[in-house]
Structure formats: C-alpha cells, structure tokens
Amino acid sequence: MPYTTEDGGRLNNFANEPKMYEAEPPSATQKRNYLILGGLALALVGGLLVVAISVS
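Here the structure is a predicted model, which means the values were calculated and not measured.

Caption draft 1: How the structure looks around the overall build of the protein chain. A count of helices and strands for the protein chain gives one helix and two strands. Listed by position from the N terminus, the elements making up the protein chain come as β-β-α. Taking 10 Å as the expected radius of gyration for a compact globule of 56 residues, we find that the protein chain reaches 26 Å, considerably beyond that expectation. Its C-alpha atoms give the protein chain principal-axis dimensions of about 70 × 35 × 15 Å. When each of the 56 residues of the protein chain is scored for burial, the buried share is 0%.

Caption draft 2: Up close: the confidence of the model for the protein chain. This prediction gives the protein chain a mean pLDDT of 90; 96% of its residues lie at or above 70. By mean pLDDT, strand β1 (residues 3–5) is the weakest element of the protein chain at 74, and helix α1 (residues 28–55) is the strongest at 98.

Caption draft 3: View of α1. In this model α1 runs 41 Å from its N-terminal to its C-terminal C-alpha over 28 residues, within 8% of the 40 Å that 1.5 Å per residue would give. Of all 28 residues in α1, zero are buried, a share of ten percent or less.

Calculation notes
Residues numbered from 1 in each chain as written. Predicted model: local features only at pLDDT ≥ 70, side-chain atom pairs only at ≥ 80, totals over all residues. Heavy atoms only, no water. Helix = DSSP H or I, 4+ residues; strand = E, 2+ residues; numbered from the N terminus. Rg over C-alpha atoms; globule rule 2.2 N^0.38 Å. Buried < 20%, exposed > 50% of the residue type's maximum accessible area, 1.4 Å probe, protein only. pLDDT = per-residue confidence, 0-100. Expected span 1.5 Å × (residues − 1).

Next comes the structure, spelled out in structure tokens:
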C-alpha cells in the first residue's frame, strides 16, 4: 500500500485512484436505439395512464 509521511511523522494511506478515460459519443445506431426505447417507454407509461383512468 502506498504510504506517505507528513511533516509531523504521520503516515497517510491513500486509496488507489482509477484510471480516467473519456467517454465516446454515441454512434448513430445507439442514438436510434435510444429513440426507439424512449418511444416504447412513453407508450408504456401512456398505456398505464389510460388503464388507470379507465379503471377509476
């Protein structure tokens, strides 16, 4: 484990930091899939609202 010593003689144990990376922008296929899934989610929520209103 990586210990560092401060001026007063205290030892500090620091956590290992994960490697940083830049996220890649979504491709055209991923964007299309996001739109399809968003539409399906809206249809599901809309259908649930229609059922809830019709039952009450």
